[in-house]
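Chain residues, written in single-letter form:
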Amino acid sequence: MTKKSSNKTKVLVVDDDSFFLNYITHFFNHKEYEVITASGGDEAVEHARRVRPHLIILDLEMPDRDGIETCKVLKADAATREIPVIIVTATDDAELNQKAFNAGAQATILKTVSRERLLNLVEVAVSTKIAAPSDVSHA
């Protein structure tokens, strides 16, 4: 799903759960965002290389390649390494959060994040290209 516009902030949303993809995509139903979706890690890497989004929101648990491995691939590629990545998880696990940061993610958020908190985190990540660990949401 891709909407065309040149001045919009491009957000690549990656999740194998179509309900959650629609849920998160709805958060960005604003004129300033262009949402691109992918249903797995391999597809996310393809889209990121081709579209060069401003930000990637990446699910932690996916069948083909999990979010940590996908983030590592994105950060190892010169074409995608500067794109901020936010990893979304269903559990609040400090060890998984640390693995996400070690893989190059700027932040982790719970899938239960509020719309306002997610949009705020996206704005920070896009505007500064980094979100400090204090920006991690446990909403």
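Keep in mind that this is a model prediction, so the values were computed, not measured.

Thresholds, definitions, all that
- Residues numbered from 1 in each chain as written.
- Predicted model: local features only at pLDDT ≥ 70, side-chain atom pairs only at ≥ 80, totals over all residues.
- Heavy atoms only, no water.
- Buried < 20%, exposed > 50% of the residue type's maximum accessible area, 1.4 Å probe, protein only.
- Helix = DSSP H or I, 4+ residues; strand = E, 2+ residues; numbered from the N terminus.
- Arc of directions from axis to C-beta.
- Contact = heavy atoms within 4.5 Å.
- Polar contact = N/O pair within 3.5 Å; in protein donor to acceptor, adjacent residues only side chain to side chain.
- Phe/Tyr/Trp six-rings, centres within 6.5 Å; stacked < 30°, edge-to-face > 60°.
- Pairing = 2+ DSSP bridges.
- Axes fitted to C-alpha atoms, helices over the stretch in contact; angles between N-to-C directions.

(A) Here's a closer look at helix α2 (residues 41-51). The complete set of buried residues in α2 reads Gly-41, Ala-44, Val-45, His-47, Ala-48 and Val-51. Across the axial projection of α2, the buried residues extend over an arc of 165 degrees, all falling on one side. Facing away from the buried side of α2, by more than 90 degrees, are the exposed residues Glu-46 and Arg-50. Against β1 (9-14), β2 (33-38), β3 (55-59) and α3 (67-76) lie the buried residues of α2. Immediately beyond the C-terminal end of α2, within one or two residues, lies Arg-52, with a positive phi of roughly 55 degrees.

(B) Spatial organisation of the side chain of Thr-108. On the secondary structure map, Thr-108 appears in strand β5 (residues 107-110). Reaching out from Thr-108, the side chain makes a polar contact with the side chain of Asn-97 at a distance of 3.0 Å.

(C) Seen up close, the packing of aromatic side chains. Counted under the stated rule, the structure contains four aromatic pairs. Judged by centre distance (6.5 Å) and plane angle (10 degrees), the ring pair of Phe-19 and Tyr-23 falls under stacked. Note that Phe-19 and Tyr-23 are positioned in helix α1 (residues 18-27) at a spacing of four residues, about one turn of the helix. Judged by relative accessible area, which is 33%, Tyr-23 ranks as partly exposed. Arranged with centres 5.8 Å apart and planes meeting at 40 degrees, the rings of Phe-20 and Tyr-23 form a pair that is tilted. In this pair, Phe-20 and Tyr-23 both sit in helix α1, three residues apart, roughly one turn of the helix. Taking the relative accessible area as the measure of exposure, Phe-20 reaches 7% and is therefore buried.

(D) Region of the structure containing the sheet that holds strand β4 (residues 85-89). Read across the sheet, five strands follow the order β2-β1-β3-β4-β5 without closing on themselves; strand pairing throughout is parallel. What marks the edges here is a single partner per strand, and that holds for β2 and β5. In this sheet, neighbouring strand axes are inclined to one another by 20 degrees on average, regardless of whether the strands run parallel or antiparallel. Sheet analysis places β4 next to β5, joined by four bridges and oriented parallel. Bridge pairing in β5 links Ile-86 to Ala-107. Strand contacts of helix α5 (residues 115-128): β1, β2, β3, β4 and β5, with the helix running at about 130 degrees to β3, the strand carrying the most contacts.

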